[in-house]
Amino acid sequence: MMKKSLFLLLIAVASTFTSCFKDNDDSISPASTAEINNFIWRGLNYYYLYKADTPELANDAFASNSEYQNFLNNYDSPESFFQFLKSNQDRFSILVDDYIALENALGGTTLNNGMEYGLVLYPDSSGNVFGYVRYVLPNTSAANNGITRGMIFNTVGGQQITENNFRDLLAPDTYSLGLATFDGETITPTGESIVLTKTEVTENPVHIARTLDINSQKIGYLMYNAFTNEFDNNLNAAFAQFQADGVTDLVLDLRYNGGGSVRTATYLAGMITGQFTGNTFYFEQWNEDRQNLAEEGVFLDSFVNGGAALNSLNLNRVYVLTSKRTASASELVINGLDPYMTVLQIGDYTTGKYQASFLLYDAPAPNFRRSEANQNHTYAMLPLVFQTANANGVTDFEQGLMPDLELIEDYSNLGQLGDPSEPLLAAAIEDITGIPRPQARDNFSVLETIGESKEGLPTHQIMYLEQ
């Protein structure tokens, strides 16, 4: 129902066959750059949303096969070829050289020390950077070593973090963080350091699901950090608890949610509502050659293919906490709900990503499916293939979705997630109950965030389709 079968997103790793006499790797001839470039061109020529922006992707771009082959051979790496073919308006399509790692990341499994952080420029224009801890994953190195939300760090391995070195410093599997404090103006080292080690971690994106009883009003708080379809049942279970608790208002915390599965976003919309089943949740806009594939995403009341019923709250109002890191499937939920209910957005402008991708392997068109992939390399693509519009036709929000109440996180006073006094949640509670929120620090400097822990992942801010 949700998508034609040619768009299967096959996450399971293919079986590997071996011989008693010859290792399988011995029979593989590594693909040439031109061979991989041919895959990239075929995939983008067929599905790329911005195909019309690149003349070389036109169906009649080459007069002969030899001219086409010369074009493929004119680039020394698949990465440079992919970059050339991308449209200037495309911020999000990706090419990876290891689709197994990409598949794992789509399922929420990454090499991770459990500390999810943001990186911020010092207020003194020095180019120095400090990190702040957003949240910590349970049963990880960070959790076991006492890392908590709000901690500040400014060195790694004894070296000051800067706008030029932060990626290299934080890349190793093991590193030592130098802790500091931040009072809103000055970063002061504490002299304490903590060693963290990355291991393979699968993140449950349902980070906090809690019912708050504020003056006898039942307010559900859900901190949801990725639209990972392997955890759809966990998401549905959270809403079952909200139902059982008699929740009448919901605060949906998407401030660190960079997106993920379109289908999961549709499920979440159905859990928040329930009264709009069958109505349009989003429309699709494809390139001119593929617009015939466009479908209408609708509100659902159960998991697809005869699955369990969604636990729906039938709300007519929802509060959504956002930041500039709120992207793709998160924005789809906000934009898709807006024509049907009151969506009160608290925080910052969102990223501005309304385009979706699906995973293409080096296999025959139109499927480009995993089971038929070229075994001589592990390149794959997540190109933008369509953009979404809500039932009112709203799309192209490149500057992000505007908050109703603009509140920027104060790194010197982040508060604890899920606590009624945490600044963004407190603002939602004030609007729901009329109880004044705690007075926040006035006139603090809004500092520039230049990176985050998930930025290096191939799934960063990706909105993708699966069956």
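From a predicted model like this one, the values you see are computed outputs, not experimental measurements.

Caption draft 1: Geometry of the layout of surface pockets. Roughly 500 Å³ of volume is contained in the largest pocket. Lining of the largest pocket is provided by 21 residues; of these, Y117, L170, K198, S453 and G456 occupy positions nearest its centre. Looking at the lining of the largest pocket, the elements that each hand over two or more residues are β2 (109-112), β3 (115-121) and α6 (166-169). Ranked by the residues each element gives to the lining of the largest pocket, the list is headed by β3, at four residues.

Caption draft 2: Inspection of the packing of aromatic side chains at higher detail. Inspection of every chain in the model, using the stated rule, returns 33 aromatic pairs. Summarising the aromatic geometry, the rings of F130 and F182 are spaced 4.9 Å apart at their centres and angled 35 degrees between planes, so their arrangement reads as tilted. Remark: F182 occurs in strand β7 (residues 174-182) and F130 occurs in strand β4 (residues 129-136); sequence separation between them is 52 residues. With a relative accessible area of 10%, F182 lands in the buried category. With a centroid separation of 6.5 Å and an interplanar angle of 50 degrees, the aromatic rings of W286 and F358 are classed as tilted. In this pair, W286 sits in strand β13 (residues 280-286) while F358 sits in the loop between β17 (355-357) and β18 (360-361), placing the two residues 72 residues apart along the sequence. F358 shares its class with W286; the two are buried. Within the aromatic cluster, the residues linked to one another by ring pairs are W41, F62, Y68, F71, Y75, F81 and F84. In this structure, R290 is placed above the aromatic ring of Y46, and the distance from its NZ or CZ to the ring centre is 3.5 Å. Here the basic side chain of K353 rests over the ring of F92, its NZ or CZ set 5.3 Å away from the ring centre.

Caption draft 3: The sheet that holds β17, seen in detail. In space, the four strands of this open sheet follow the order β14-β13-β20-β17, with antiparallel pairing throughout. Edge positions in the sheet fall to β14 (296-298) and β17, since each of these pairs with one other strand and no more. Across the sheet, the axes of successive neighbouring strands diverge by a mean angle of 35 degrees, strand direction being ignored. Where β17 lies against strand β20 (residues 384-389), three bridges are found, and the strand directions are antiparallel. Residue pairing for β20: S357 is matched across the bridge by L384. Relative to β13, helix α8 (residues 262-272) is tilted by about 155 degrees, and along the sheet it contacts β13, β14 and β17. Seen against the sheet, helix α9 (residues 329-337) touches β13 and β20 and runs at an angle of roughly 120 degrees to β13.

Caption draft 4: The arrangement of unusual backbone geometry in detail. In the segment running from A365 into P366, the intervening peptide bond is cis, with an omega of 5 degrees. As for its position among the elements, P366 is in the loop between β18 and β19 (380-382). Positive phi, close to 50 degrees, is recorded for N215, a residue that is not glycine. You can see N215 is positioned in the loop between β10 (206-214) and β11 (217-224). At N314, a residue that is not glycine, the phi angle is positive and equals roughly 55 degrees. Its location among the elements puts N314 in the loop between β14 and β15 (317-322). Classification of N314 by relative accessible area gives partly exposed; the value is 45%.

Rules and cut-offs
Residues numbered from 1 in each chain as written. Predicted model: local features only at pLDDT ≥ 70, side-chain atom pairs only at ≥ 80, totals over all residues. Heavy atoms only, no water. 1 Å grid on protein atoms, 1.4 Å probe; cavity = no way out; pocket = protein on both sides within 12 Å on 5 of 7 lines; lining within 4 Å. Points joined across faces, edges and corners; volume = space filled by probe spheres on them. Helix = DSSP H or I, 4+ residues; strand = E, 2+ residues; numbered from the N terminus. Phe/Tyr/Trp six-rings, centres within 6.5 Å; stacked < 30°, edge-to-face > 60°. Buried < 20%, exposed > 50% of the residue type's maximum accessible area, 1.4 Å probe, protein only. Lys NZ or Arg CZ within 6 Å of the ring centre and 35° of its normal. Pairing = 2+ DSSP bridges. Axes fitted to C-alpha atoms, helices over the stretch in contact; angles between N-to-C directions. Contact = heavy atoms within 4.5 Å.

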